[in-house]
Amino acid sequence: MKCRKAVTIGRRMPSKDKQYFTTNEFAEICGVTKHTLFHYDEIGILKPELVKSNGYRYYSIKQFYQYDMIFILKQAGTSLSEIKDYIMDQNPDHFLAILKQKEQRLKDEIRKTTLMRNKVISAIDKTEEALRSIYSVPYIEECEEEYFIIVKISGYDNDKEELQKIREHFEYCDEQSSDCDLLMGAIVSMENLIAGEYDKPDYYSNKIKHKVKSSRLRIKPKGTYAVIIHKGAYRELPKSYEKLKEFIVEKNMMLDGDAYENDMLSYLAAVDPNEFVVKISIPVKSV
């Protein structure tokens, strides 16, 4: 901002008033270091107007305008090489083309930033909920319809293949929805629930806020769910499942669909697996 103020002052000074500034003075007014000016001189985008026999460099008032142009283009994300190309062919059409290109890049950056901000907000909400939750105490909850992007789990025979599938799943989620959760979950089929195979989920899942057209969309139905907040390592999840199933029987209810595991505190927030928090929700109905 110092530079823009200096430009205004320069415009008010008479053209006959030839005033030069040393590198230090010019750098101070522009709000940069003299090393930046040396670099601009070296690559040919802003050379001092006067270089004396002793090697001292001097800049003129009119060069504030050139620096201001460089400053604006840099703020818009233009590289120094692109700025140099523009200086070599400086005209309104070229300037307009650069601005339109930068405007599109800025739109893309805003989209990426918004996407990440939504993920962070969701992670904040889940983390705060995890920290204030009561663990290992089952309860009944009425849930609205929810949406997930899922990927079928092939098994545990090939770890490399499984990791590649998870990476592809994350990329697919971002392509399908800008409001996909950072935290991943899992889905255990009703068949495995009945068989007590809780440690073998059928799908990985990531929650999204809005329905999308996708073959991987899973809709969690609106209805009544038995819920338990599990705290501990994933290998201890079967204990929470058994406790939740006992609770369902005590309530004279029965399983009515697949179980949904939603991470609330995972490896992203905790190093110790014993600090992980997972919300388990199973749809139920009266016997």
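J.: Run through the overall build of the chain, naming residues and quoting values.
T.: In terms of regular secondary structure, the chain is built from 9 helices and 12 strands. The C-alpha atoms of the chain give 30 Å as radius of gyration, which overshoots the globular expectation for 287 residues (19 Å, by more than 25%). For the chain, buried positions account for 40% of its 287 residues. Within the chain, contacts between residues at least 6 apart in sequence are counted, and of these 71% link residues at least 24 apart. In the form shown here, the chain has an accessible surface area of approximately 17200 Å², with 53% of it arising from carbon and sulfur atoms. Across the chain, the centroid of the 45 positively charged side chains sits 9 Å from that of the 46 negatively charged ones.

J.: Describe the nonpolar core, and please don't skip the residues or the numbers.
T.: The biggest cluster of nonpolar side chains holds 18 residues, and the ones touching the most others in it are Phe 26, Leu 46 and Ile 70. Broken down by secondary-structure element, the contributors of at least two residues to this core are helix H2 (23-30), helix H3 (34-43), helix H4 (63-75) and helix H5 (80-88). Setting aside residues no more than four positions away along its own chain, Ile 70 makes contact with Tyr 40, Ile 45, Leu 46 and Ile 83. Core analysis: the next-biggest nonpolar cluster, separate from the first, contains 17 residues, Val 188, Tyr 241, Leu 244 and Met 253 among them.

J.: Describe the packing of aromatic side chains, and please don't skip the residues or the numbers.
T.: Each aromatic ring pair is specified by the distance between its two centres and by the angle formed by the two planes. Summed over all chains, the structure comprises 8 aromatic pairs. Ring geometry for Phe 26 against Phe 64: centres 5.0 Å apart, planes inclined by 25°, an arrangement best described as stacked. Residue Phe 26 is located in helix H2, and its partner Phe 64 is located in helix H4; the two are separated by 38 residues in the primary sequence. We note that Phe 26, like Phe 64, is buried. Among the aromatic residues, those joined into a ring-pair cluster are Phe 21, Phe 26, Tyr 59 and Phe 64. Across from the ring centre of Tyr 203, 5.2 Å away, lies the NZ or CZ of Arg 218, which sits over that ring. Across the ring face of Tyr 260, the terminal group of Lys 220 is positioned such that the distance to the ring centre comes to 5.5 Å.

J.: Kindly report on the pattern of salt bridges, identifying the contributing residues and their values.
T.: Summed over all chains, the structure comprises 18 salt bridges. Note that Glu 146 and Lys 220 form a salt bridge whose closest N and O atoms lie 3.4 Å from each other. Note that Glu 146 is positioned in strand E5 (residues 146-152) and Lys 220 in strand E8 (residues 217-220), a separation of 74 residues in sequence. A residue is classified by how much of its surface remains accessible, and Glu 146, at 18% relative accessible area, is buried. Arg 218 is the partner of Asp 258 in a salt bridge, and the nearest nitrogen-oxygen pair spans 3.2 Å. Taken as a pair, Asp 258 in the loop between strand E10 (253-255) and strand E11 (259-265) and Arg 218 in strand E8 lie far apart in primary sequence, 40 residues in all. Among the charged side chains, a network of salt bridges with common partners joins Asp 41, Lys 47 and Arg 57.

J.: Please provide a residue-by-residue account of the environment of Ser 79, values included.
T.: Within the element layout of this structure, Ser 79 appears in the loop between H4 and H5. Through-space distance from the C-alpha of Ser 79 to that of Arg 218 is 44 Å; in sequence the pair is 139 residues apart. Within polar-contact distance, the side chain of Ser 79 engages the side chain of Ser 81 at 3.0 Å.

J.: Which residues make up the confidence of the model for the chain, and what values do they have?
T.: On average, residues of the chain score 87 in pLDDT, and 92% of them reach the 70 mark or higher. In the model, residues 1-16 has pLDDT below 50 throughout and makes 21 contacts with residues more than four positions away in sequence or in other chains.

J.: I'd like to hear about the packing of H2 against H3, residue by residue, with values.
T.: Running from N to C, H2 and H3 cross one another at 105°; their axes reach a closest spacing of 8 Å. With respect to their mutual orientation, H2 and H3 come out roughly perpendicular. Residue-level contacts link Thr 23, Asn 24, Phe 26 and Ala 27 of H2 to Lys 34, Leu 37 and Phe 38 of H3. The residue inventory of the contact of H2 with H3, partitioned by class, reads 4 nonpolar, 2 polar and 1 charged.

Definitions and limits used
- Residues numbered from 1 in each chain as written.
- Predicted model: local features only at pLDDT ≥ 70, side-chain atom pairs only at ≥ 80, totals over all residues.
- Heavy atoms only, no water.
- Helix = DSSP H or I, 4+ residues; strand = E, 2+ residues; numbered from the N terminus.
- Rg over C-alpha atoms; globule rule 2.2 N^0.38 Å.
- Buried < 20%, exposed > 50% of the residue type's maximum accessible area, 1.4 Å probe, protein only.
- Contact = heavy atoms within 4.5 Å.
- Areas by Shrake-Rupley, 256 points an atom, 1.4 Å probe, with all protein chains shown as cover.
- Lys, Arg positive; Asp, Glu negative; His and termini not counted.
- Charge placed at Lys NZ, Arg CZ, Asp CG, Glu CD.
- Core = buried A, V, L, I, M, F, W, Y, C linked by side-chain atoms within 4.5 Å.
- Phe/Tyr/Trp six-rings, centres within 6.5 Å; stacked < 30°, edge-to-face > 60°.
- Lys NZ or Arg CZ within 6 Å of the ring centre and 35° of its normal.
- Salt bridge = Lys/Arg side-chain N within 4 Å of Asp/Glu carboxyl O.
- Polar contact = N/O pair within 3.5 Å; in protein donor to acceptor, adjacent residues only side chain to side chain.
- pLDDT = per-residue confidence, 0-100.
- Axes fitted to C-alpha atoms, helices over the stretch in contact; angles between N-to-C directions.
- Parallel < 35°, antiparallel > 145°, perpendicular 65-115°, else oblique.
- Nonpolar A, V, L, I, M, F, W, Y, C, P; charged D, E, K, R; others polar.

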